[in-house]
Amino acid sequence: MAIIITDECINCGACEPECPNTAIYEGADEWRYGDGTSLKGDVVLPSGKAVNAEEVQEPISDEVYYIAPDKCTECMGFHEEPQCAAVCPVDCCVPDEDHVESEETLLAKQAFMHPED
């Protein structure tokens, strides 16, 4: 399952540089599927969703840091645990019940975004 940042976030920014998928963004910042991944141009995500990796996406939150769920792999394939949760001083990086994914799905997503790893 993806990780979500709750509204208890204090906007310290500790989580953002820890994400190996560049899935964490500051509140109100636009994001792209290609940020920090190997994705380029038109792609079909493992979920079946067709996107352009360079196309700007609307911010998910205007108030606090947020995680793009299509890019979150809970650090599978990189680390033993989600690094955002490990460094968060207020424990606001928690499992997102709206985006439940198996370990196999998360590893497939990681391999899709980072085929060279």
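Just above, that's the structure.
The rules behind the values
Residues numbered from 1 in each chain as written. Predicted model: local features only at pLDDT ≥ 70, side-chain atom pairs only at ≥ 80, totals over all residues. Heavy atoms only, no water. Salt bridge = Lys/Arg side-chain N within 4 Å of Asp/Glu carboxyl O. Helix = DSSP H or I, 4+ residues; strand = E, 2+ residues; numbered from the N terminus. Buried < 20%, exposed > 50% of the residue type's maximum accessible area, 1.4 Å probe, protein only. Phe/Tyr/Trp six-rings, centres within 6.5 Å; stacked < 30°, edge-to-face > 60°.

Trainee: Before we go on, may I ask you to explain the pattern of salt bridges in this structure?
Mentor: Opposite charge on two side chains makes pairing possible when the charged atoms of those side chains draw close. The tally for this structure, following the rule as stated, stands at two salt bridges. The shortest N-O distance in the salt bridge between Asp70 and Lys49 comes to 3.5 Å. Residue Asp70 is found in the loop between β5 (66-67) and α1 (83-87), and its partner Lys49 is found in the loop between β3 (42-44) and β4 (50-52); the two are separated by 21 residues along the sequence. Overall, the relative accessible area of 25% leaves Asp70 in the partly exposed class. Overall, Lys49 belongs to the partly exposed group, its relative accessible area being 40%. One salt bridge connects Glu101 with Lys109, and the closest N-O pair in it is separated by 3.0 Å. Residue Glu101 is classed as partly exposed on the basis of its relative accessible area, which comes to 25%.

Trainee: Teacher, can you tell me more about the packing of aromatic side chains here?
Mentor: Aromatic rings considered in pairs are described by the distance between their centres and by the relative angle of their planes. Taken as a whole and judged by the stated rule, the model has three aromatic pairs. Both rings, one in Tyr25 and one in Trp31, keep their centres 6.2 Å apart while their planes meet at 45 degrees; by these two values the pair is tilted. Trp31 matches Tyr25 in its accessibility class, with the two residues each being buried. A network of ring pairs unites the aromatic residues Tyr25, Trp31, Tyr33 and Tyr66 as a single cluster.

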